[in-house]
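# Breakdown of the fold
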Amino acid sequence: MKFSLSREALLKPLQLVIGVVERRQTLPILSNVLLSLSGKILSVTGTDLEVEIVGVTEVSDVLEEGSITVSARKILDICRSLPDGAVVNFSSSEGKASIKSSKSSFMLSTLPASEFPSVDGGEKTFEFDISGQELQKLIEATSFAMAQQDVRYYLNGMLWELTSGQIRVVATDGHRMSLSDGNCDISVEEPVKAIVPRKGVVELQRLLDNNTVKIALGSNHLRAIGSDYQFTSKLVDGAYPDYNRVLPKGGDKIIEADRLALKAAFGRAAILSNEKYRGVRLSVSEDLLKIVASNPEQEEAQEDLEVKYNSESMEIGFNVSYLLDVLNVLDHEALKMTLINSNSSVLIESLKDSHSLYVVMPMRL
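As the structure is a prediction and not an experimental result, all values here were calculated from the model.

In this section: the sheet that holds strand 24 (residues 346-350). An order of 14-11-12-13-25-24-23-18 is seen for the eight strands of this open sheet, with the pairing classed as antiparallel. The open sheet terminates on both sides in strands that have one partner only, identified here as strand 14 (192-197) and strand 18 (253-258). Taken pair by pair, the neighbouring strands of this sheet meet at an average axis angle of 20 degrees, ignoring direction. Direction of pairing for strand 24 relative to strand 25 (residues 356-360): antiparallel, over a ladder of three bridges.

This part is about the nonpolar core. In this structure, Val33, Leu42, Ile75, Phe90, Trp160 and Ile348 are the most contacted members of the largest nonpolar core, which totals 100 residues. Among residues more than four places away in sequence, those in contact with Phe90 are Met1, Lys2, Phe3, Leu35, Ile68, Val70, Ile75, Ala97, Ser98 and Ile99. Of all hydrophobic cores here, the second largest spans 14 residues; its members include Val170, Met177, Ile195 and Val359.

Overall, the coordinates contain 17 salt bridges when judged by the stated rule. Close ionic contact of Arg176 with Asp325 constitutes a salt bridge, the shortest N to O distance being 2.9 Å. Separated by 149 residues along the polypeptide, Arg176 in strand 13 (residues 176-183) and Asp325 in helix 6 (residues 320-329) bring together distant segments of the chain. Take Asp325: its relative accessible area is 26%, and that puts it in the partly exposed class. Counted as one network, the salt bridges with shared partners bring together Arg7, Glu8 and Asp84.

Here we come to the packing of helix 3 (residues 132-142) against helix 4 (residues 198-207). Between two packed helices, what matters for the description is the angle formed by their axes and the separation of those axes. Relative to each other, helix 3 and helix 4 sit at 135 degrees, their axes nearing to 10 Å. Viewed along their axes, helix 3 and helix 4 adopt a mutual orientation that is oblique. Note on packing geometry: the crossing formed by helix 3 with helix 4 is left-handed. Contact with helix 3, carried on its side by Leu135, Gln136, Ile139 and Glu140, involves Val201, Leu204 and Gln205 of helix 4 and no other residues of that element.

Residue Ser102 is not a glycine yet carries a positive backbone phi of 55 degrees. The exposure class assigned to Ser102 is exposed, which follows from its relative accessible area of 77%. Phi angles above zero are rare outside glycine, and Asp287 is one such case at about 55 degrees. Among the structural elements, Asp287 can be located in the loop between strand 19 (279-285) and strand 20 (288-294). You can call Asp287 partly exposed: its relative accessible area is 38%.

Looking now at the sheet that holds strand 21 (residues 300-306). With respect to topology, four strands assemble into an open sheet ordered 21-20-19-22, the strand pairing being antiparallel. Each of the sheet's edge strands pairs with one partner strand only, and the pair in question is strand 21 and strand 22 (314-319). Each strand axis lies, on average, 20 degrees off the axis of its neighbour in the sheet, ignoring direction. Note that strand 20 and strand 21 share seven bridges and pair antiparallel. Across the sheet, the residue bridging to Ile291 is Glu303, located in strand 21. Its contacts with the sheet put helix 6 on strand 19 and strand 22, and the angle it makes with strand 22 is roughly 80 degrees.

Among the seven residues of strand 19, five are classified as buried, and the element is accordingly described as predominantly covered. Bridging between strand 19 and strand 22 involves six bridges; their strand directions are antiparallel. Along strand 22, the bridge assignment pairs Val280 with Phe318. Sheet topology places strand 19 next to strand 20; five bridges connect them, and they run antiparallel. By the bridge assignment, Val284 is partnered in strand 20 with Leu289.

Where helix 1 (residues 7-17) contacts helix 2 (residues 72-81), the two axes come as close as 10 Å, and the packing angle between them is 140 degrees. Overall, the two elements helix 1 and helix 2 adopt an arrangement that is oblique. Of the two possible hands of crossing, helix 1 and helix 2 adopt the one that is left-handed. Counted together, Arg7, Leu10, Leu11, Leu14 and Gln15 of helix 1 and Ile75, Leu76, Cys79 and Arg80 of helix 2 form the full contact between these two elements. The class makeup of the residues in the contact of helix 1 with helix 2 is six nonpolar, one polar and two charged.

Within the secondary structure, Val320 sits in helix 6. Residue Val320 is classed as buried on the basis of its relative accessible area of 0%. Apart from residues no more than four positions distant in its own chain, Val320 is found in contact with Phe266, Ala270, Ser273, Arg278 and Val280.

In this section: helix 3. Where helix 3 is concerned, the buried positions are Gly132, Leu135, Leu138, Ile139, Ala141 and Thr142. Its side-chain oxygen at 3.2 Å from the backbone nitrogen of Gln133, Ser131 defines the N-terminal cap of helix 3.

It is worth spelling out the side chain of Ser345 at this point. The topology assignment puts Ser345 in the loop between strand 23 (334-339) and strand 24. The exposure class assigned to Ser345 is buried, which follows from its relative accessible area of 14%. If sequence neighbours within four positions are ignored, Ser345 has contacts with Pro248, Thr338, Leu339, Val359, Val360, Met361 and Pro362.

The rules behind each value
- Residues numbered from 1 in each chain as written.
- Predicted model: local features only at pLDDT ≥ 70, side-chain atom pairs only at ≥ 80, totals over all residues.
- Heavy atoms only, no water.
- Pairing = 2+ DSSP bridges.
- Helix = DSSP H or I, 4+ residues; strand = E, 2+ residues; numbered from the N terminus.
- Axes fitted to C-alpha atoms, helices over the stretch in contact; angles between N-to-C directions.
- Core = buried A, V, L, I, M, F, W, Y, C linked by side-chain atoms within 4.5 Å.
- Buried < 20%, exposed > 50% of the residue type's maximum accessible area, 1.4 Å probe, protein only.
- Contact = heavy atoms within 4.5 Å.
- Salt bridge = Lys/Arg side-chain N within 4 Å of Asp/Glu carboxyl O.
- Parallel < 35°, antiparallel > 145°, perpendicular 65-115°, else oblique.
- Left-handed = near helix turned anticlockwise from the far one by under 90°.
- Nonpolar A, V, L, I, M, F, W, Y, C, P; charged D, E, K, R; others polar.
- Polar contact = N/O pair within 3.5 Å; in protein donor to acceptor, adjacent residues only side chain to side chain.

So this is what it looks like as structure tokens:
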């Protein structure tokens, strides 16, 4: 295998795939990337057996086609260290790969391409197109609520629910839930559901750009094809909880507030909240929200905020980090918080945009 190309042309696909290459691997070959040259197209593949990303680029000079695997971190660090505009000359033979550029020369050990594992895309059930920007917006609006290393493994991911013309994404860790709707070019008779694992969500979000993405969904795999990449992820095998049962119904106590003012007030109160439980007490009366936070050192923070509210007075406690997470992703300044009573979850949404809903469970303080 022998070719040459610019440093930038090689760096881009390497940066696309490096996220799935784990530093500590049980299989040595998983710390490598697969380089495959066919014609003038060079494919760079990285995988951790659950998620696979293929980045493609065009080489300027082809001397010999072929496939080989080399250390992902080392080839990426070499490319990063070369000056802008440098030409990279790559060749491989007899278990070694040579990288030369101007007066620099590197020799890396290789492993055969035949040993590199492939994440099988499986049979695709159907496919649809969606704007990369739209999908990225949906993921950004909801991904913070995914669980991390929960024993209920299906919560360590994101539910995608597809109906005709619409995609809904839902994430929950059992304490809060986020839900967001978007438009996509799809026609289905019955709703289709898939749980995308946490790592798959994180890596896909990193790849998305303003271009249209083709999504192919199978019974246990999801594949996304963009302009210069192909992403494949295994799906989580499990039943996602019925999120409709979590949405509070019949809330009649509505607080309307400015997002930035509320975010700043929660941020200040959080300074003196209990570091372990992060609880704040909200006392709401006519057009006034009082936020109180305290900690085991008997320290206390109190903040009064003018809001729009005309129901009966009540008190309720929440994890302030969960509230701040929601306020960070809402993209309109006016929001409303809907409550039923002091033991119920709060439903948070934008006053102008109802595409995203957020539910946060209360805390006993």
